[in-house]
Amino acid sequence: MSSDSLVSLHSYQFLMKWLVENPKFLNNPLYITGISYMGIVVPVVTLEVYKGNERGNKPQVNIKGYSIVSPLTDRFIDFNSRLEFQHRLALISDEIYESTKQTCHGNYVYTDPSNTLCSNDLERVDECTSGINYSNVLEPLCDDINPAPACPAATKIVLDSWANDKDVQKALHVREGTIEIWEKTNETIHYTLGKNDSASYSYDIFSTIDHHKQLTTRNCQVLIISGDHDMTFPYVGTEQWIASLNVPLESPWKPWLVDSQVSGYKMKYAKQGYTLTYVTIKGAGHAVALNRPKEASAIVDGWLASHAYLSDS
Ligand SMILES: *[C@@H]1O[C@H](CO)[C@@H](O)[C@H](O)[C@H]1NC(C)=O
Ligand SMILES: *[C@@H]1O[C@H](CO)[C@@H](O)[C@H](O)[C@H]1NC(C)=O
Ligand SMILES: *[C@@H]1O[C@H](CO)[C@@H](O)[C@H](O)[C@H]1NC(C)=O
C-alpha cells in the first residue's frame, strides 16, 4: 500500500540517504523538480527538507528551491479551471460558458447529480471538448487502437524498451529482481479525475497550496511553468492558486523573448528571501520540454543563473 504522503516521505528519506552515501554533493545547491502529478509531491518533499534543516537533521541540505512544470496542485481549482480555459480558447461559446457557470454554481468537478440543469450543460461542454487532445489542444487526438495518421509514434514504447533493457539496468546499478517490468505509466496507480483509492494506492493529498504557502516564509526560489495550450492542468488554475499565496507582485505579466520572438509570458512575486517566477510557454502543451525544448531550456537556465549564490562564492 502506498500513497501521496508515503511517496513524499520516501523521497525525502531517499534524498537524505543518498547525500550520506555521496557526501561530495553536499555543498551543491539543490533544487527539487517535477512535472504534472508531482505538483502533489514536490512541495511536500521540499517543505520537509526545509523543516528537516530547521530541526537540525544531519546532513544539512543545501536546499535553494523548487521548480514544477504543468503541475497538479489542487484537485478542485485545477480541474475546475478547465471550463474557463475552454472558453478562453474558443472551444465553448460564451452562451455555454455563462449558462454552465450559472447552473453549476461554479463547480464543474464534484457536481450534484440531482442538478439536471448543470448535468445538461456539462453534457454540452463535453460534446465540444471530448474530441480534443487534453495534453495540447492543438494536437490531434490519438487512440491506442486506431492511431490517426497525424499521430506521432508513441514515445512511451521507446522509453519502456530502454528502461527494460538489461544493459541499461546494469549501467544504472538496478538491483536484479526488484521490479519485473518497468512501465512509463502504471495505469493501476496513474491518477485521473474522479479515480478512487485502490488497495495499492491512496491519493491522500487533495491540495498542496498550504505547502506552497508555508514555503513562502523560507529562503526559497520557485519556478512554475505552464504550457498555455495544456488543458490537463490549465494555466488558468495555476495562476489562480499562485495569486492566492498572497506574495507581493514584483514584476507583472509581460512577454519574454527567444530569438526576438515572444515565447510566452512571465511574472514574478517576491518577499524577503523568497521569489516565485511564473512562466507560460506559448503554444506548449502539458509536455512543455517536449513541445518547446529551446524555450524551456532558456527559461530554466536563465532562472538558475539569476540566483545570488553564484556570485556569493
Ligand atoms: C495528444 O498529443 C500528443 C502530442 O502530439 C500525443 O503524444 C498524445 O498521444 C496525444 N494524446 C491523445 C490522448 O491523443
Ligand atoms: C503497477 O502497480 C501495481 C500497484 O502497486 C502493482 O501491483 C503492479 O505490479 C504494477 N505493475 C507493474 C508492471 O509494475
Ligand atoms: C468512486 O466511488 C464513488 C463512491 O463509492 C462512486 O460513486 C464512483 O463511481 C467511484 N468512481 C470511480 C471512477 O470508480
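Cut-offs and rules
- Residues numbered from 1 in each chain as written.
- Chains lettered and ligands numbered in written order.
- Predicted model: local features only at pLDDT ≥ 70, side-chain atom pairs only at ≥ 80, totals over all residues.
- Heavy atoms only, no water.
- Helix = DSSP H or I, 4+ residues; strand = E, 2+ residues; numbered from the N terminus.
- Rg over C-alpha atoms; globule rule 2.2 N^0.38 Å.
- Buried < 20%, exposed > 50% of the residue type's maximum accessible area, 1.4 Å probe, protein only.
- 1 Å grid on protein atoms, 1.4 Å probe; cavity = no way out; pocket = protein on both sides within 12 Å on 5 of 7 lines; lining within 4 Å.
- Points joined across faces, edges and corners; volume = space filled by probe spheres on them.
- Nonpolar A, V, L, I, M, F, W, Y, C, P; charged D, E, K, R; others polar.
- Near = heavy atom within 4 Å.
- Polar contact = N/O pair within 3.5 Å; in protein donor to acceptor, adjacent residues only side chain to side chain.
- Salt bridge = Lys/Arg side-chain N within 4 Å of Asp/Glu carboxyl O.
- Core = buried A, V, L, I, M, F, W, Y, C linked by side-chain atoms within 4.5 Å.
- Domains from an automatic or database assignment.
- Contact = heavy atoms within 4.5 Å.
- Pairing = 2+ DSSP bridges.
- Axes fitted to C-alpha atoms, helices over the stretch in contact; angles between N-to-C directions.

An unreviewed UniProt entry annotates the protein chain as Peptidase S10, serine carboxypeptidase, Alpha/Beta hydrolase fold protein originating from Artemisia annua.

**Examining the overall build of the protein chain**
Broken down by element type, the protein chain carries 13 helices and eight strands. Taken over C-alpha atoms, the radius of gyration comes to 21 Å for the protein chain, in line with the 20 Å a tight globule of 313 residues would show. Here the C-alpha coordinates of the protein chain stretch approximately 60 × 50 × 45 Å along the principal axes. Across the 313 residues that make up the protein chain, the buried fraction comes to 43%.

**What to know about the layout of surface pockets**
Any empty space left between atoms is shown by rolling a water-sized probe over those atoms. Here the second largest pocket is characterised by a volume of approximately 590 Å³. In terms of lining, the second largest pocket is formed by 14 residues, of which the most central are Val7, Ser11, Phe14, Leu15 and Trp18. For the lining of the second largest pocket, the element with the most residues is helix H1 (residues 4-21), which contributes seven residues. For the lining of the second largest pocket, the class distribution of residues is nine nonpolar, two polar and three charged.

**Overview of the site of ligand 2**
Surrounding ligand 2, one finds Ile181, Glu183, Asn186, Thr188, Ile189 and Ser200. Taking Asn186, its side chain carries an N or O atom lying 2.3 Å from an oxygen atom of ligand 2. Residues belonging to the shell around ligand 2 are distributed by class as follows: two nonpolar, three polar and one charged.

**A few points about the pattern of salt bridges**
Using the criterion set out here, one finds nine salt bridges in the structure. When the shortest N-O distance is used, the salt bridge between Arg124 and Glu95 registers 3.1 Å. One end of the pair, Arg124, is in helix H6 (residues 116-129); the other, Glu95, is in helix H5 (residues 94-103), with 29 residues separating them in the sequence. The class of Glu95 is partly exposed, set by a relative accessible area of 46%. Notably, a salt bridge pairs Glu98 with Lys101, separated by 3.9 Å at the nearest N-O pair.

**A word on the nonpolar core**
Grouped together as the largest cluster of nonpolar side chains are 37 residues, with contacts concentrated most on Val49, Tyr66, Ile224 and Leu276. When residues of this core are traced back to their parent elements, those giving at least two are H1, helix H2 (42-54), strand E3 (63-69), helix H9 (209-215), strand E5 (220-227), helix H10 (235-243), strand E7 (261-271) and strand E8 (274-281). Top contributing element to this core by residue count: H2, with five residues. Residues from two domains meet in this core; each of domain 1 (2-75 + 206-311) and domain 2 (77-129) gives at least three. Setting aside anything within four residues of it in sequence, one finds Val49 in contact with Tyr12, Leu15, Ile32, Val61 and Ile63. Formed by 13 residues, the second largest nonpolar core is a distinct cluster that contains Trp256, Val279, Ala284 and Val288.

**Remarks on the sheet that holds E5**
Here six strands make up an open sheet; going across it, the order is E2-E3-E5-E8-E7-E6 and the pairing mixed. In this open sheet, the two edge strands, each paired with only one partner strand, are strand E2 (30-35) and strand E6 (249-258). Strand-to-strand twist of the sheet, defined as the mean angle between neighbouring strand axes without regard to direction, takes the value 15 degrees. In this sheet, E8 lies alongside E7 in antiparallel orientation, the contact comprising eight bridges. Residue pairing in the sheet places Tyr269 in a bridge with Leu276 of E8. Contacts from helix H12 (residues 293-305) reach E2, E3, E5, E6, E7 and E8, with the element oriented near 170 degrees to E5.

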